[in-house]
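# Coordinates in review
Given next are the chains, with one letter for each unit.
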Amino acid sequence: MTPAELSGLTLLELASHLAAKEVSSVEATRACLERVAAVDAQVKAFLLVDERGALAAAAASDERRKNGAPASALDGVPVALKDIFLTEGVETTCGSKILKGFIPPFDGTVVRLLKQAGLPILGKLNQDEFAMGSSTENSAFFPTRNPWDLSRTPGGSSGGSAAAVAAREAFGALGTDTGGSLRQPAALTGTVGLKPTYGRVSRYGVIAFASSLDQVGPITRTVADAAALLQVIAVPDPGDATSARLPPDDYLARLEGGVNGMKLGLPREYFVPGMDPEVEASVRAAAAELEKAGARIEEISLPHTRYALAAYYLIAPAEASSNLARYDGVRFGLRAQGARGLRELYSQTREEGFGPEVKRRIMLGTYALSAGYYDAYYLKAQKVRTLIRRDFTEAFQKVDAILCATSPTPAFPLGAKVDDPLAMYLNDVLTLPVNLAGLPGLSVPCGFTRAGLPVGLQVIGRPFDEATILRVARAHERTQELYKRPPPV
Amino acid sequence: MALTVEQVRHVASLARLRLTPEEEQRFATQLSAILEAMAELQQLDTSGVEPTSHAALEEPRLRLDEVKPSLDPERGLANAPARSGTSFAVPRVIE
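Conventions used here
- Residues numbered from 1 in each chain as written.
- Chains lettered and ligands numbered in written order.
- Predicted model: local features only at pLDDT ≥ 70, side-chain atom pairs only at ≥ 80, totals over all residues.
- Helix = DSSP H or I, 4+ residues; strand = E, 2+ residues; numbered from the N terminus.
- Rg over C-alpha atoms; globule rule 2.2 N^0.38 Å.
- Buried ≥ 20, exposed ≤ 12 C-beta atoms within 10 Å, placed from the backbone.
- Core = buried A, V, L, I, M, F, W, Y, C linked by C-beta atoms within 7 Å.
- Contact = placed C-beta atoms within 7 Å.
- Nonpolar A, V, L, I, M, F, W, Y, C, P; charged D, E, K, R; others polar.
- Domains from an automatic or database assignment.
- Pairing = 2+ DSSP bridges.

When its secondary structure is counted, chain B shows three helices and two strands. N-terminal to C-terminal, the α/β element order of chain B is α-α-α-β-β. In terms of C-alpha radius of gyration, chain B reaches 22 Å, well past the compact-globule figure of 12 Å for 95 residues. Seen along its three principal axes, the alpha-carbon backbone of chain B occupies a region of about 55 × 45 × 25 Å. Per-residue burial over chain B gives 17% buried out of 95 residues.

Here it is, written out as structure tokens:
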């Protein structure tokens, strides 16, 4: 198999070639590294390529395979990580200058789980600084580009993860999703992005943004690949107090079960004014295909949807302003030089280390939590959050899963929204209600615009029912097989 | 809800952020616009609605209070910008 043929395989296809010993992990890892060398100067998905570490892990995998003792079904499949995951001995910046040079002393739980399962880690992927953004333009280092059109954004904040997978630089990647940061970039790059239920995947060793919303998940080319990676990382973890004790499902077992007899809801509030007509047409066509496959499609209502954006952009910055208090120049990361006194050390370090969007959110969150404004903003937003959750609970008494667009528009040009924070926030309008409610949601490719840009279908499920949304997404994927179409890069 | 430059300075000081005069102006404008958009929430009647502070679906539990190994001081201090023995060093706080 040539390196080009190899990097064209899906994650599970590679796993079966590895199991059949038709290809080695070192060959697969080299194919990824060659692909990175060939295209990443344009795509700019990687912040750091760990060639030596990845090849050593691949060689160890091949040795296990030779001895007939693979560590898991995915042993030897090379993947990459958003730079938000702590990796022992490998620089972790979270896309921020304030963590430039930070070398974590331990692996995050999901990193450990990937290593235990034998997956070589190719490197660290670009992201919006501290996962705050929807275009990866808030990275302190450089913007990532969309492999389908290099003048456009891959979305964000897990834009590096999505771009790397779309550009065939890795067989899969992990990212995080606080308001849509896995699903929106997946939609914009023609990949699959899965945000599991809050609590399904451990966040120990994941740099915190908004702790009541953050969740870890995979970005892959196919639905089955996402199910396979979820299986590796969905492990209860005492290291994270919010990690669910409920054992994970077998996510691949019923993947091909189809949608015959299922009830799927189309929320009328999610077909918003200003939505791109080609996006709407693709999503409605996908629903029609699922109807043909035996599902019953019902219009449903989630009446508090219009308040979700405002609630989210108070809650997430409030939590962020508290979480980011730890970047103070004392224990790790940047320390400003020449400060007189401790207070000046804090404020000068934070001025030099944080980018504009992070400062904006710290300011917004601090204001929403400050004396005199707490009740009007933060507490009010938490009450609205209750109403949004309740909408979903009621909807799931009628339907098994919800279908809608992931992003109201396809990928937008780089620079188009950087100076207008509110316009940027609107990218998340269809994804963030899922985080407020703690539900699982995924994005699966459902078409291309006439300009050749990918469109994503979002499938939202009941708590801990990742198996159902994966099955619905797979039933849709089977009708189009868009993942077989490579991007032009 | 318009935010004044004085309010921006106060919030920045609470957040331990030093801002340039240009940033103070820009944040006053941008945060005012954002808060104006958020004002939509005030239209919604939430009397009698309990707040939701997190999305966890399981009851939180306490871990057992037992001694376990943790990061050793050398590894914990490895990223310190300045250290003194086994402590993080900071500018003098008390004269």
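This is not the end of the story, as more comes after the structure.
On to the nonpolar core. The biggest cluster of nonpolar side chains holds 167 residues, and the ones touching the most others in it are Val79, Ala164, Ala173, Ala311, Leu314 and Val459 of chain A. Among all residues touching Val79 of chain A, those that are not within four sequence positions of it are Leu114, Leu119, Ile121, Leu122, Ala170, Phe171, Gly172 and Ala173 of chain A.

So, on to the interface of chain B and chain A. One widely used convention gives an interface's size as the accessible area the parts lose upon coming together. Listed by partner, the interface residues are 42 residues for chain B and 56 residues for chain A. Sorting the residues of the side of chain B that touches chain A by element identifies helix H1 (5-14), helix H2 (21-38) and helix H3 (73-77) of chain B as the ones contributing at least two each. A class-by-class count of the residues in the side of chain B that touches chain A yields 28 nonpolar, seven polar and seven charged.

Moving on, we get to the domain arrangement of chain A. Residues and elements named next belong to chain A. On domain assignment, one finds that chain A holds domain 1 (3-253 + 462-484) and domain 2 (308-380). Here the C-alpha centre of domain 2 lies 29 Å away from the C-alpha centre of domain 1. Contacts between the two partners involve 20 residues from domain 1 and, on the opposite side, 17 residues from domain 2. Among the residues forming the side of domain 1 that touches domain 2, the class breakdown is ten nonpolar, seven polar and three charged.

Residues and elements named next belong to chain A. Of all five residues making up strand E4 (residues 173-177), five are buried, and the element is well covered by its neighbours. The alternating pattern of E4 places Ala173, Gly175 and Asp177 on one face and Leu174 and Thr176 on the opposite face, and all of these are buried. Relative to E4, strand E2 (residues 79-82) runs parallel, the two sharing two bridges. By the bridge assignment, Leu81 is partnered in E4 with Leu174. Judged from the five bridges that link them, E4 and strand E6 (residues 215-220) form a sheet pairing that is antiparallel. In the strand pairing of E6, Ala173 is matched with Ile219.

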